[in-house]
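# Fold and contact review
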Amino acid sequence: MESSEDLLFEIGETARIVRRAFDQRAAEVGITRPQWRVLVRLKREPGLRQVELADRLDMEPITLCRIVDRLAEAGLVERKPDPTDRRAWLLDLTEAAMPLVKKLREMAHVLADETLEGISDTQFADLRERLATIRDNVAGTGRQRGKAARA
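Residues numbered from 1 in each chain as written. Predicted model: local features only at pLDDT ≥ 70, side-chain atom pairs only at ≥ 80, totals over all residues. Heavy atoms only, no water.

## A word on the sheet that holds strand E2 (residues 77-82)
- Here three strands make up an open sheet; going across it, the order is E1-E3-E2 and the pairing antiparallel. Two strands in the sheet have a free side with no partner beyond their single neighbour: strand E1 (48-49) and E2.
- Each of E1, E2 and strand E3 (85-93) touches helix H2 (residues 33-44); the most contacted strand, E3, lies at about 95° to it. (Pairing = 2+ DSSP bridges. Helix = DSSP H or I, 4+ residues; strand = E, 2+ residues; numbered from the N terminus. Contact = heavy atoms within 4.5 Å. Axes fitted to C-alpha atoms, helices over the stretch in contact; angles between N-to-C directions.)

## Notes on the environment of Glu95
- Within the secondary structure layout, Glu95 lies in the loop between E3 and helix H5 (97-115).
- Remark: the alpha-carbon pair of Glu95 and Thr63, spanning 32 residues in sequence, is separated by 24 Å.

## Some words on the domain arrangement of the protein
- For the protein, the assigned domains read domain 1 (4-117) and domain 2 (118-150).
- Between the C-alpha centres of domain 1 and domain 2 the distance comes to 26 Å. (Domains from an automatic or database assignment.)

## Remarks on the nonpolar core
- Within the largest apolar cluster, 28 residues are counted, with the highest numbers of intra-cluster contacts made by Val38, Leu39, Leu42, Leu53, Leu64, Val77 and Leu104.
- For this core, the elements supplying multiple residues, two or more each, are helix H1 (4-27), H2, helix H3 (50-56), helix H4 (61-73), E3 and H5.
- Top element by residues in this core is H5. It accounts for six residues.
- Every residue in contact with Val38, bar those within four places of it in the chain, is listed here: Leu53, Leu57, Leu64, Ile67 and Leu71. (Core = buried A, V, L, I, M, F, W, Y, C linked by side-chain atoms within 4.5 Å. Buried < 20%, exposed > 50% of the residue type's maximum accessible area, 1.4 Å probe, protein only.)

## Quick notes on a negative patch on the surface
- Residues Glu52, Asp55, Asp58 and Glu60 make up a contiguous surface patch of negative charge.
- Looking at the secondary structure, you find Glu52 in helix H3. (Patch = residues over 30% accessible without salt bridge, like charges linked within 9 Å, V, L, I, M, F, W, Y side chains within 5 Å. Areas by Shrake-Rupley, 256 points an atom, 1.4 Å probe, with all protein chains shown as cover. Salt bridge = Lys/Arg side-chain N within 4 Å of Asp/Glu carboxyl O. Lys, Arg positive; Asp, Glu negative; His and termini not counted. Charge placed at Lys NZ, Arg CZ, Asp CG, Glu CD.)

## A look at unusual backbone geometry
- One non-glycine residue, Asp58, adopts positive backbone phi at about 55°.
- Considering the arrangement of structural elements, one finds Asp58 in the loop between H3 and H4.
- In this structure Asp58 comes out as exposed when scored by relative accessible area, which is 74%.

## Some words on the pairing of E2
- Bridge count between E2 and E3: six bridges; the pairing is antiparallel. Bridge pairing in E3 links Asp82 to Asp85.
- What sits between the antiparallel neighbours E2 and E3 is a turn of two residues.

## Here we look at the packing of aromatic side chains
- One pass over the full model with this rule turns up one aromatic pair.
- Relative to Trp36, the ring of Phe22 has its centre 4.6 Å away and its plane inclined at 50°; by these criteria the two rings are tilted. Of this pair, Phe22 sits in helix H1 while Trp36 sits in helix H2, placing them 14 residues apart in sequence. The burial state of Phe22 is the same as that of Trp36; both residues are buried. (Phe/Tyr/Trp six-rings, centres within 6.5 Å; stacked < 30°, edge-to-face > 60°.)

Below, the structure written as structure tokens:
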């Protein structure tokens, strides 16, 4: 039987390979994965402040600023003054970004379909549940549940 360390290695390697596959596909349209993450998040949550976006993407604010600079230069993101804080900027996608975001989402959908080929709906649901348990355990919430169940 494989060790738990082997499983953690497999999870990490799988994530790395999926990221690399997406990077290669996104590069075909001239976008990096960090840029894609910014575009998709702003599509889902328009009008975020840069600091909020950095937090949601688990990214350093200066790193995000550089990414937003490039996206703004490309005409894909616009900064608007925050009416409640003159030191802050609100971020939105431009109309020019919409076709690109749509294309990136389509590419991600195709990659997901290819990645999950041969996995049944039941297996997929089970995998999602088990990965959620692993994330909860790593975040500490699984231990809290376990302690509560034993109490």
